[in-house]
Amino acid sequence: MEATASLNSIPMSVRKMRLVVDLIRGKRVGEALGILEYSKQEAAIWLRKNLLSAIANWEYKTDGLESADEYDLVINEIFADAGAQIKRFRPAPHGRAHRIRKHSCHITIKVSNSVPLPSEGVEASEPETVQE
């Protein structure tokens, strides 16, 4: 089972966000939370908040019957996209103006369980053979 969480319009450049996103891509949820807890970057605060939301969404999809700790959740997919830019002007010498661009970004996290749920059933381990 897979669950998704996203945060939009985070007031931070996507370049700074991707530095931390690359640290936790493909990791187990517990390990990723540990990395984010002790990271100095501000992006880690936003990512931790979004990751906890993805875990809560996964538990909600199982009707609250299953705990995320038992099923070894993994960050299946995580990406940061550029958001809208807020454009401002700042006075400059000789009657000119300098443009200031305030960047924003969007984060999307998808988590899935590596241990199958009882409701998912056990898939056949043997591949089907083709008869000629």
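Residues numbered from 1 in each chain as written. Predicted model: local features only at pLDDT ≥ 70, side-chain atom pairs only at ≥ 80, totals over all residues. Heavy atoms only, no water.

The protein goes by Large ribosomal subunit protein uL22 in an unreviewed UniProt entry, where it is assigned to Neolewinella litorea. Database annotation for the protein, UniProt heading Subunit (unreviewed entry): "Part of the 50S ribosomal subunit." UniProt annotates the protein under Sequence similarities (unreviewed entry) with the comment "Belongs to the universal ribosomal protein uL22 family." (UniProt positions renumbered as here; feature names shortened; annotations may be inferred.)

A.B. asks: Which parts of the structure should I look at to understand the sheet that holds strand β5 (residues 105–113)?
C.D. replies: What holds strands together in a sheet is hydrogen bonding between their backbones, with the strands either parallel or antiparallel. In spatial order, the strands read β1-β5-β2; together these three strands make up an open sheet with antiparallel pairing. Each edge of the open sheet carries a strand with a single partner, namely β1 (2–10) and β2 (73–82). Each strand of the sheet is rotated relative to its neighbour by a mean of 15 degrees, with strand direction disregarded. Contacts from helix α1 (residues 14–24) reach β1, β2 and β5 within the one sheet, and its direction differs from that of β2 by about 165 degrees. Sheet strands touched by helix α3 (residues 43–61): β1, β2 and β5. Its angle to β1, the strand with the most contacts, is close to 145 degrees. (Pairing = 2+ DSSP bridges. Helix = DSSP H or I, 4+ residues; strand = E, 2+ residues; numbered from the N terminus. Axes fitted to C-alpha atoms, helices over the stretch in contact; angles between N-to-C directions. Contact = heavy atoms within 4.5 Å.)

A.B. asks: Before we go on, may I ask you to explain the pairing of β5 in this structure?
C.D. replies: In regular strands, side chains alternate between the two faces of the sheet. Among the nine residues of β5, seven are classified as buried, and the element is accordingly described as predominantly covered. Summarising the sheet, β1 and β5 pair through seven bridges and their orientation is antiparallel. The residue of β5 that forms the bridge with E2 is S112. Where β2 meets β5, nine bridges bridge the pair, whose relative direction is antiparallel. The residue bridging I78 from the neighbouring strand is I109, located in β5. (Buried < 20%, exposed > 50% of the residue type's maximum accessible area, 1.4 Å probe, protein only.)

A.B. asks: Help me out: how do you make sense of the pattern of salt bridges in this one?
C.D. replies: Two side chains with opposite charge may pair up if their charged atoms get near one another. Applying the stated rule across the entire model yields four salt bridges. Across the pair R28 and D72 runs a salt bridge whose closest N-O atoms are separated by 3.1 Å. Of this pair, R28 sits in the loop between α1 and α2 (29–37) while D72 sits in the loop between α3 and β2, and the two are 44 residues apart along the sequence. Owing to a relative accessible area of 27%, D72 belongs among the partly exposed residues under this scheme. The partner of K110 in a salt bridge is E77, and the shortest N-O contact between them spans 3.8 Å. Residue K110 is located in strand β5, and its partner E77 is located in strand β2; the two are separated by 33 residues in the primary sequence. For E77, a relative accessible area of 35% corresponds to the partly exposed category. (Salt bridge = Lys/Arg side-chain N within 4 Å of Asp/Glu carboxyl O.)

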